[in-house]
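# What the coordinates show
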Amino acid sequence: MARYGMLINTKKCIGCYACRTACQRQNDLLPDESFIRFEEREVGKYPNVTVEHIPLQCMHCEDAPCASVCPTGAAHMGSDGIVEVDHGRCIGCLYCMAACPYGARIQIKKTGVIEKCRFCWYEGEPGNPPRCVGTCISGARLFGDLDDPQSEICQEIARTNAQPLAGDLTTAKIYYVR
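Residues numbered from 1 in each chain as written. Predicted model: local features only at pLDDT ≥ 70, side-chain atom pairs only at ≥ 80, totals over all residues. Heavy atoms only, no water.

### Regarding the overall build of the protein
- On a plain count of helices and strands, the protein comes out with 5 helices and 10 strands.
- For 178 residues, the compact-globule estimate of 2.2 N^0.38 gives 16 Å, and the protein sits close to it at 16 Å.
- The buried share of the protein, taken over its 178 residues, is 49%.
- At a minimum sequence separation of 6, the contacts of the protein that also span at least 24 residues come to 57%. (Helix = DSSP H or I, 4+ residues; strand = E, 2+ residues; numbered from the N terminus. Rg over C-alpha atoms; globule rule 2.2 N^0.38 Å. Buried < 20%, exposed > 50% of the residue type's maximum accessible area, 1.4 Å probe, protein only. Contact = heavy atoms within 4.5 Å.)

### Points about the packing of aromatic side chains
- Under the counting rule described, the total for this entry stands at 3 aromatic pairs.
- Between tyrosine 4 and phenylalanine 143 the ring centres are 5.4 Å apart and the planes differ by 10°, which places this aromatic pair in the stacked class. You can see tyrosine 4 sitting in strand β1 (residues 4–9) and its partner phenylalanine 143 sitting in strand β8 (residues 141–145), a full 139 residues away along the chain.
- A residue is classified by how much of its surface remains accessible, and phenylalanine 143, at 18% relative accessible area, is buried. (Phe/Tyr/Trp six-rings, centres within 6.5 Å; stacked < 30°, edge-to-face > 60°.)

### Focus: the side chain of arginine 20
- Position of arginine 20 among the secondary structure elements: in helix α1 (residues 18–26).
- Of the buried charged residues, arginine 20 lacks a salt bridge, with aspartate 32 as the closest side chain of opposite charge at 7.9 Å.
- Look past the residues within four positions of arginine 20 in its chain and what remains in contact with it is Pro31, Ser34, Ile36, Arg37 and Phe38. (Lys, Arg positive; Asp, Glu negative; His and termini not counted. Salt bridge = Lys/Arg side-chain N within 4 Å of Asp/Glu carboxyl O.)

Okay, structure coming up:
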């Protein structure tokens, strides 16, 4: 079984929000709902200052705090290692939102269910990347099997020394080049 993950290269990200928009459309989210949010920060010293765009989303932690606190088991690790939400079991208690150290969960206004990124690649044609990856115009995102050393994502993680955003806060499957 594959262990899926993503690499986000903030040096390539131009902050166009195409990934966020594609995600919203794929998941039928309202304009003020999103599984991807952006943080921006200035990098460098005057006069050589640039803006770094940091897309943030569910890190699909192997030791997911959100799943461990869910009283109904609605938030759980799927057989493919992707943190999932069972809509029928979610009672909207917000425990998972409070437990997520990345602030990656949102409450869907239409249903009250607490949701997040699901690596939507499996919802379309098999083998297609998640919408955010396929839509990224600057090539800042890669998706693949973290256990396959020959995969493009593993080779790029090694080449760029990409790291999880928060170090060892959780065992995240999203890696960043910064």
